[in-house]
Amino acid sequence: MKGYAMLKIGEVGWIEKDCPVCGPMDAICKPLALAICTSDVHTVWEGAIGERHNMILGHEGCAEVVEVGSLVKDFKPGDRVLVPAITPDWNSLEAQGGYPMHSGGMLAGWKFSNFKDGVFSEYFHVNDADGNLALIPEGINTVDACMLSDMVPTGFHGVELADVQFGDIVLVIGIGPVGLMAVAGANMRGASRIIAVGTRPVCVAAAKKYGATDFISYKKGPIEEQVLELTGGKGVDRVVIAGGSVESFEPAVKSLKPGGKIGNVNYLGSGTYINIPRVEWGVGMGHKQINGGLMPGGRLRMEKLARLITSGKLDVAPLSTHVFEGWEHLPEALQLMKDKPAELIKPVVKI
Ligand code: NDP
Ligand code: ZN
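So, here is what we can say about the structure in this document. Quick caveat: nothing in here was measured; it's all calculated off a predicted structure. (Residues numbered from 1 in each chain as written. Chains lettered and ligands numbered in written order. Predicted model: local features only at pLDDT ≥ 70, side-chain atom pairs only at ≥ 80, totals over all residues. Heavy atoms only, no water.)

**Quick look at the overall build of the protein**
Inference 1: Across its full length, the protein carries eleven helices and 16 strands.
Inference 2: Computed over C-alpha atoms, the radius of gyration of the protein comes to 20 Å, within 12% of the 20 Å expected from 2.2 N^0.38 for 351 residues, which places it in the range of a compact globule.
Inference 3: Considering only C-alpha atoms, the protein reaches an extent of 60 × 40 × 40 Å along its principal axes.
Inference 4: Within the protein, residue pairs in contact and separated by at least 24 positions form 72% of the contacts whose partners lie at least 6 positions apart.
Inference 5: Of the roughly 14,500 Å² of accessible surface on the protein, 53% is carried by carbon and sulfur atoms.
Inference 6: Side-chain charges of the protein comprise 33 positive and 39 negative groups, with the mean position of each set lying 6 Å from the other. (Helix = DSSP H or I, 4+ residues; strand = E, 2+ residues; numbered from the N terminus. Rg over C-alpha atoms; globule rule 2.2 N^0.38 Å. Contact = heavy atoms within 4.5 Å. Areas by Shrake-Rupley, 256 points an atom, 1.4 Å probe, with all protein chains shown as cover. Lys, Arg positive; Asp, Glu negative; His and termini not counted. Charge placed at Lys NZ, Arg CZ, Asp CG, Glu CD.)

Quick look at the structure:
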């Protein structure tokens with residue numbers, strides 16, 4: 001089978017590999033549509049997870065099941081399925097402890113294009129199929145279904161990590177597709193005001209639609225100064241970090257009220273340390289919590305998030321600004337995600 005792979009850090013290309021083998025609890029799937037993630041860019045061009053050779057890329061897509069193992073109860077060949085980016089081993093101790101995304105070790109629930117070949121392939125392997133797959137509901141097209149792999153669950157997880165409450169003033173740093181879903185999630189959780197940080201006009205327009213009330217540009221001076229000005233010097237109750245770099249923590253802490261919470265879902269692709277400003281962190285006693293997490297996977301969560309779309313509460317269509325038809329466009333779509341032109345939110349390739 002063919003796949004689009006990271007050949008080594010900084011180099012991508014088509015490769016041929018043997019088809020994956022289906023274990024008793026697994027499924028083999030073939031993609032219906034695939035989406036490119038900023039994480040693919042971090043992986044290839046920043047070497048964020050270290051060197052990988054001939055590893056097929058991709059962790060966002062929806063698919064048709066072609067084979068299931070003998071112990072799989074709820075899926076069969078021909079089923080059209082949502083595929084989460086994170087596919088934990090649900091019988092692991094970490095999953096039993098409430099952290100399925102770390103099943104088998106730190107971040108080890110992230111298997112596609114990390115510990116095994118990803119989904120940019122004619123066929124791909126899904127572990128623990130009953131625990132990880134979900135049927136694509138009636139009324140969700142394959143392009144929108146791709147947004148349920150990672151963008152919706154990750155953006156919403158940022159909101160969970162920041163523990164947004166009714167009436168909170170929320171700062172969302174970064175309004176690419178992940179941050180946009182954090183804006184949507186914060187809005188659903190009852191934020192009274194959502195201050196969004198980003199500059200691409202297409203993202204600003206989408207953020208407004210998803211509930212952002214105020215906008216600031218990180219290019220026009222320090223974020224915290226603009227936040228403090230907008231909030232009468234008081235700051236915000238919650239911060240979701242979905243963009244920037246290791247340097248985003250400094251303005252986040254400085255923008256936060258004592259007792260506030262930060263939820264980070266940004267993938268820190270480079271740098272060794274994160275700077276936490278001592279004074280604004282209350283010289284260690286400010287009750288400003290910093291949480292960072294990988295999205296949880298799992299069928300239940302996928303089914304619930306999909307219901308937000310089928311019920312009309314969440315419209316993910318604005319995220320897919322660039323939709324291609326056919327395999328051969330994968331390299332172009334990946335390059336687009338690397339270049340981030342002004343009119344791009346997310347590229348999707350229909351197979
Ligand atoms: P994008 O690159 O599309 O968006 C990044 C956003 O951050 C843009 O709004 C951008 O602004 C803004 N930004 C850039 N530089 C700065 C800065 N210095 N200060 C503040 N804001 C800045 O990314 P995605 O939405 O696709 O992904 C966001 C992050 O989430 C990535 O790091 C990705 O790898 C990570 N991720 C994490 C996952 C998880 O499970 N934890 C899963 C998936 C993704 P502008 O409008 O100017 O471009
Ligand atoms: Zn992703």
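Resuming the write-up.
**Quick look at a nonpolar patch on the surface**
Inference 1: Taken together, the side chains of I274, I276 and W281 present a nonpolar region at the surface, about 240 Å² in accessible area.
Inference 2: Here I274 lies in the loop between β13 (256-264) and β14 (289-292). (Patch = residues over 30% accessible without salt bridge, like charges linked within 9 Å, V, L, I, M, F, W, Y side chains within 5 Å. Salt bridge = Lys/Arg side-chain N within 4 Å of Asp/Glu carboxyl O.)

**Side note on the coordination of the zinc ion (ligand 2)**
The reference angle at a metal is 109.5 degrees if four donors form a tetrahedron and 90 or 180 degrees if six donors form an octahedron.
Inference 1: Of the protein atoms, only C37 (SG), H59 (NE2), E60 (OE) and D150 (OD) coordinate the zinc ion (ligand 2), at distances of 1.9 to 2.2 Å.
Inference 2: Angles of 92 to 129° at the metal separate the four donor atoms of the zinc ion (ligand 2), which places the site in the tetrahedral class.
Inference 3: On the primary sequence, the residues serving as donors to the zinc ion (ligand 2) are separated as C-x21-H-E-x89-D. Of this pair, H59 sits in the loop between β4 (55-56) and β5 (60-68) while D150 sits in the loop between α4 (142-146) and α5 (151-162), and the two are 91 residues apart along the sequence. (Donors = N, O, S within 2.8 Å, 3.2 Å for Na, K, Ca; no water. Tetrahedral: all angles 85-135°; square planar, octahedral: opposite > 155°, others 65-115°.)

**Considering the pattern of salt bridges**
Inference 1: For the coordinates displayed, the defined rule picks out 17 salt bridges.
Inference 2: Of the charged contacts, one joins D163 and R238 as a salt bridge, the two residues approaching to 4.0 Å between their closest N and O atoms. With D163 in the loop between α5 and β9 (169-173) and R238 in strand β12 (residues 236-241), this residue pair connects regions lying 75 residues apart in the sequence.
Inference 3: The partly exposed category is assigned to D163, whose relative accessible area is 23%. (Buried < 20%, exposed > 50% of the residue type's maximum accessible area, 1.4 Å probe, protein only.)

**Observations concerning the packing of aromatic side chains**
Inference 1: With the rule as written, the count across this model stands at four aromatic pairs.
Inference 2: A ring pair is formed by W14 and W327, whose centres lie 6.1 Å apart and whose planes are at 70°; its orientation type is edge-to-face. Placement of W14 in strand β2 (residues 11-16) and of W327 in the loop between β15 (322-325) and α11 (330-339) is noted, with a sequence separation of 313 residues between them.
Inference 3: We classify W327 as buried; its relative accessible area is 14%.
Inference 4: Note on W110 and Y267: the rings are 5.9 Å apart at their centroids and 85° apart in plane angle, and the pair reads as edge-to-face. (Phe/Tyr/Trp six-rings, centres within 6.5 Å; stacked < 30°, edge-to-face > 60°.)

**Brief notes about the side chain of D144**
Inference 1: Here D144 lies in helix α4.
Inference 2: Among buried charged residues, D144 stands out as having no salt bridge; its nearest opposite-charge side chain is K350, 9.8 Å away.
Inference 3: Among all residues touching D144, those that are not within four sequence positions of it are V316 and A317.

**Focus: the sheet that holds β13**
Strand pairing within a sheet occurs via backbone hydrogen bonds; the two strands may be parallel or antiparallel.
Inference 1: Across the sheet, six strands lie side by side as β11-β10-β9-β12-β13-β14; this open sheet has parallel pairing. Looking at strand neighbours, the two that pair on one side only are β11 (214-216) and β14, the edges of this open sheet. Sheet twist, expressed as the mean angle between neighbouring strand axes with direction ignored, is 15°.
Inference 2: Looking at chain direction, β12 and β13 are connected through five bridges and run parallel. Directly across from V236, in β13, lies its bridge partner L256.
Inference 3: Here helix α6 (residues 177-188) sits on the sheet and contacts β9, β10 (193-197) and β12; the angle it forms with β9, its principal contact strand, is near 170°. (Pairing = 2+ DSSP bridges. Axes fitted to C-alpha atoms, helices over the stretch in contact; angles between N-to-C directions.)

**Re the site of ligand 1**
Inference 1: Taken together, 27 residues form the shell around ligand 1, and within it T38, T199, Y218, N266 and K340 come nearest.
Inference 2: Within the contact set of ligand 1, an oxygen atom lies 2.8 Å away from a backbone nitrogen or oxygen of I175.
Inference 3: Measuring from an oxygen atom of ligand 1, one finds a side-chain N or O atom of T199 at 2.5 Å.
Inference 4: Here ligand 1 has 940 Å² of accessible area as a free molecule, and 86% of this is covered by the chains.
Inference 5: Among the elements that take part in the shell around ligand 1, helix α1 (residues 38-45) stands out by supplying three residues, more than any other.
Inference 6: Per-class residue counts for the shell around ligand 1 are twelve nonpolar, twelve polar and three charged. (Near = heavy atom within 4 Å. Polar contact = N/O pair within 3.5 Å; in protein donor to acceptor, adjacent residues only side chain to side chain. Nonpolar A, V, L, I, M, F, W, Y, C, P; charged D, E, K, R; others polar.)

**What about helix α10 (residues 299-310)?**
Inference 1: In a regular helix each residue adds 1.5 Å, so twelve residues correspond to 16 Å; α10 covers 16 Å between its end C-alpha atoms and thus fits that length.
Inference 2: Residues R301, M302, L305, A306, L308 and I309 constitute the buried set of α10. All buried residues of α10 fall inside an arc of 145° around its axis, so they share one side.
Inference 3: Packing partners of the buried residues in α10 comprise β6 (80-83), β8 (134-135), α5 and α6.
Inference 4: Phi for G312, located one or two positions after α10, is positive at around 85°. (Expected span 1.5 Å × (residues − 1). Arc of directions from axis to C-beta.)

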